[in-house]
Amino acid sequence: MREFQGIITAKHPVMGDSWLMTFTAPTEVLHAARAGQFVNVLPRERAVYDPLLRRPFSVYGVAPDEGLMTILVRPYGRGGGWIVDRNIGSEIDVMGLLGNRFDIAPRSTHLLMVGGGVGAAPLLMLAREAVARKLSVTYLLGAANAGALLEASEIPGEVEYVVATEDGSAGYHGFVTDLVPDYLQWADQVFACGPGPMFESLRSVVLANRMGKRPSVQVSVERTMACGVGACLGCMVETKRGMKTSCVDGPVFDMDMVQW
Amino acid sequence: MVTVEKQQYMADLTVDLAPSNPRELVLRNPVIPASGCFGYGLEYSPMIDVQRLGAFVCKGITPKVRSGNPMPRITETPSGMLNAIGLQNPGIDGFIRKYPPTWEHWRVPAIVNISAESVEDYAMMARKLDDVAGIAGIEVNISCPNIEAGGFCFGWDARMSETVTQAVRKATTLPVIVKLSPGALDIMEIASAVEGAGADAVSLINTLVGMTIDPRTRRSKIANLTGGLSGPAVKPVAVRMVYQVASVVKIPVVGMGGISGVQDALEFFMAGASAVQVGTAVFSTPSMLTRLIDELGMWLDSNGCTSLNGIVGAANPAFGTRGESTF
Ligand SMILES: Cc1cc2nc3c(=O)[nH]c(=O)nc-3n(C[C@H](O)[C@H](O)[C@H](O)COP(=O)(O)OP(=O)(O)OC[C@H]3O[C@@H](n4cnc5c(N)ncnc54)[C@H](O)[C@@H]3O)c2cc1C
Ligand SMILES: Cc1cc2nc3c(=O)[nH]c(=O)nc-3n(C[C@H](O)[C@H](O)[C@H](O)COP(=O)(O)O)c2cc1C
Ligand code: FES
């Protein structure tokens, strides 16, 4: 875990309004990066104090040999907007790696990933890790329309990529969570990341359709953060084992442990 | 990233925050991370050389375990943030078991921030901390509601601030820093009362009570409704209050509120602070803490000062006069 200045080497537009931002990063950070972890990016110049706080972004991909890290940034507001406006060659102030990781159980062979919007980012990293371990992966991604989906070329070829759109312009017409029941028998584990409402419907679909506690579901939750290292206690998640920080104990939690 | 670097400056940065206390509180430099912004000193250890700091203040400790406020607890505001953490902490007994045994082996002095809702509870905590190894001093957070006084904030009333300080003073020989609340009507009156009651030093400012509303949800962005404002947005208020307090007390003043770099810290020293704390700025740039030590030393060197004393109170003609020359 450290602060570092990266240099932006590439920008690639994706999902309609978002950007894949690639920048240089220290080798030890790149080698240590695992799916689910995130970095905190300063969304401003160092000596200008607005917006004040760093913004968390999941690691989307790493290329240790080239010394590069990629994050997927959706410009929701000022911070995200400032970051995607940086040009190639400019500096980016990054703190990381932060947080825990998705945990693939040793005996799991069939993995279901459920993503909504920019929740695609950590799951893509996970899908790459799983494919490298020769595991079967189905990746369900939901978005408002076809233009807001991740291009299939971003997804490893071995992954079964299934999409849902709210307007029916691509794939299944409806919410991505509607597709989940079909895969619950098949999957050993489910991994999810997306907006709050997606978690709510995922949870009710899983509770209504699975047998006992199988498959287990790991979710990456989103909280406003200040420090990212467990010092401020601003990013808590209420769990059955008490209050946990989403920046150190999370962002990945077992769905059954979270007090929804 | 812990590197042992050669000191980059000549100036003497040492400061004693409890000059009239036999147990003294001598810091190697005047840079201290503020309570609630540095956890228990361990959280930032992978990122900065914590042992280089002048001291650090841990998260506020209370008589009993507290799980804190509901979420959301923090929100960003223009050049600042609001927080309502609700003093989540393991309680005084759990705290004493958990952290001081580690700090005992540290070079950096650890200051414990305490909060309570009655005078007896403040005294009880001070008593328990008195002979715990690994603790260098106590910072008394008086920005808390006094339950016996209908929830009125201790730190807004000179009598109540005095009573708490006296009780803590009696309960411990440790250096006692009383942390003042910027919500007080007359901060100078409170500071004088606390000095008279035996405080070794005062620190200020704590956060200012604020609120922000999300028009979309038509609700406060903080579950607790109000939160404490901190960060660069509060700095001018903090400098003014440090100036006022340093004009009326002789004990050391520890200044804080929005410090993000050496230029900000210099303002506080020149207003009359002998040391500074850094809170919110640690979140975005942890490395700033150790950089601040070096930059301060180098600034003094290049401005012809052999020690920090050369600038403390430089902008404040009433500094250290106990208000003899009027503010
Ligand atoms: C662990 C973690 C991982 C994350 N990973 C990614 C990632 O890979 N890619 C990515 O783009 N974002 C990610 N985020 C979210 C990202 O940090 C936020 O988008 C960012 O904080 C918003 O900052 P902003 O300055 O752009 O918006 P702000 O100016 O802070 O907010 C502007 C407006 O947008 C709304 N808003 C902010 N964030 C969201 C949101 N996520 N959903 C809906 N409305 C929102 C706010 O309520 C506000 O009204 C992650 C968050 C966490 C906690
Ligand atoms: C998240 C957060 C938690 C805090 N917790 C405490 C606390 O437990 N006790 C206390 O006395 N002050 C607490 N403070 C106040 C700070 O110590 C400091 O007085 C204030 O934030 C002003 O300094 P800054 O602008 O540098 O942050 C907290 C501040 C923040 C931002
Ligand atoms: S962001 Fe500070 S504890 Fe998680």
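Some remarks on the nonpolar core
Okay, so step 1: If you look at the biggest cluster of nonpolar residues, it comprises 111 residues, and the most contacted ones within it are B:Phe95, B:Trp103, B:Tyr122, B:Val140 and B:Leu180.
Okay, so step 2: At seven residues, the largest contribution of residues to this core is made by helix H6 (residues 235–248) of chain B.
Okay, so step 3: Sequence-distant contacts of B:Tyr122, that is, excluding residues within four places in its chain, are made with B:Ile114, B:Ser115, B:Ala116, B:Val140, B:Asn141, B:Ile142, B:Cys144, B:Phe154, B:Val164 and B:Val168.
Okay, so step 4: Counting residues in hydrophobic clusters, the runner-up holds 53 residues, among them A:Leu30, A:Leu72, A:Ile83 and A:Ile155.

Here we look at the interface of chain A and chain B
Okay, so step 1: If you look at the interface, chain A gives 28 residues, while chain B gives 31 residues.
Okay, so step 2: The largest share of the area that chain A buries against chain B comes from A:Glu3, A:Leu52 and A:Leu233, three residues that together contribute 22% of it.
Okay, so step 3: Remark: the boundary between chain A and chain B carries one salt bridge.
Okay, so step 4: A salt bridge links B:Glu76 to A:Arg55, with the nearest nitrogen and oxygen atoms 2.9 Å apart.
Okay, so step 5: Linking chain A with chain B are nine residue pairs in polar contact (both at pLDDT 80 or more).
Okay, so step 6: Across the side of chain A that touches chain B, the residue classes break down as 17 nonpolar, three polar and eight charged.

Focus: the site of ligand 2
All names here are of chain B.
Okay, so step 1: Close to ligand 2 lie 21 residues, the nearest being Ser35, Lys179, Gly231, Gly258 and Thr280.
Okay, so step 2: Backbone polar atom of Ser35 to an oxygen atom of ligand 2: 2.8 Å apart, as the coordinates give it.
Okay, so step 3: In isolation ligand 2 has 610 Å² of accessible area, and contact with the protein removes 97% of it.
Okay, so step 4: Across the shell around ligand 2, the residue classes break down as five nonpolar, 14 polar and two charged.

Considerations on the sheet that holds strand S16 (residues 227–230) of chain B
All names here are of chain B.
Okay, so step 1: The sheet built from four strands is open, its strands ordered S5-S6-S16-S13 with antiparallel pairing. Either end of the sheet is taken by a strand with one partner, and the two such strands are strand S5 (74–77) and strand S13 (208–210). Taken pair by pair, the neighbouring strands of this sheet meet at an average axis angle of 35°, ignoring direction.
Okay, so step 2: Two strands pair when backbone bridges link them, and strand S6 (residues 80–83) and S16 are joined in this way by three bridges, in the antiparallel orientation. Each residue of the ladder has a partner; that of Asn83, found in S16, is Gly228.

Thoughts on the confidence of the model for chain B
Okay, so step 1: With 97% of its residues at a pLDDT of at least 70, chain B reaches an overall mean of 95.
Okay, so step 2: The complex model carries a pTM of 0.95, and its ipTM stands at 0.94.

Description of the site of ligand 1
Residues and elements named next belong to chain A.
Okay, so step 1: Lining the immediate surroundings of ligand 1 are 19 residues, of which Pro56, Leu72, Arg74, Gly79 and Glu222 lie closest.
Okay, so step 2: Take Arg55: an N or O atom from its side chain is 2.8 Å from an oxygen atom of ligand 1.
Okay, so step 3: Take Gly77: an N or O atom from its main chain is 2.9 Å from an oxygen atom of ligand 1.
Okay, so step 4: Here ligand 1, which alone exposes 920 Å², has 71% of that area covered by the protein.
Okay, so step 5: Elements with a contribution of two residues or more to the shell around ligand 1: strand S4 (55–63), strand S5 (68–73) and helix H2 (78–85).
Okay, so step 6: Across the shell around ligand 1, the residue classes break down as 10 nonpolar, four polar and five charged.

Criteria and thresholds
- Residues numbered from 1 in each chain as written.
- Chains lettered and ligands numbered in written order.
- Predicted model: local features only at pLDDT ≥ 70, side-chain atom pairs only at ≥ 80, totals over all residues.
- Heavy atoms only, no water.
- Core = buried A, V, L, I, M, F, W, Y, C linked by side-chain atoms within 4.5 Å.
- Buried < 20%, exposed > 50% of the residue type's maximum accessible area, 1.4 Å probe, protein only.
- Helix = DSSP H or I, 4+ residues; strand = E, 2+ residues; numbered from the N terminus.
- Contact = heavy atoms within 4.5 Å.
- Buried area = accessible area lost by both parts, 1.4 Å probe.
- Salt bridge = Lys/Arg side-chain N within 4 Å of Asp/Glu carboxyl O.
- Polar contact = N/O pair within 3.5 Å; in protein donor to acceptor, adjacent residues only side chain to side chain.
- Nonpolar A, V, L, I, M, F, W, Y, C, P; charged D, E, K, R; others polar.
- Near = heavy atom within 4 Å.
- Areas by Shrake-Rupley, 256 points an atom, 1.4 Å probe, with all protein chains shown as cover.
- Pairing = 2+ DSSP bridges.
- Axes fitted to C-alpha atoms, helices over the stretch in contact; angles between N-to-C directions.
- pLDDT = per-residue confidence, 0-100.

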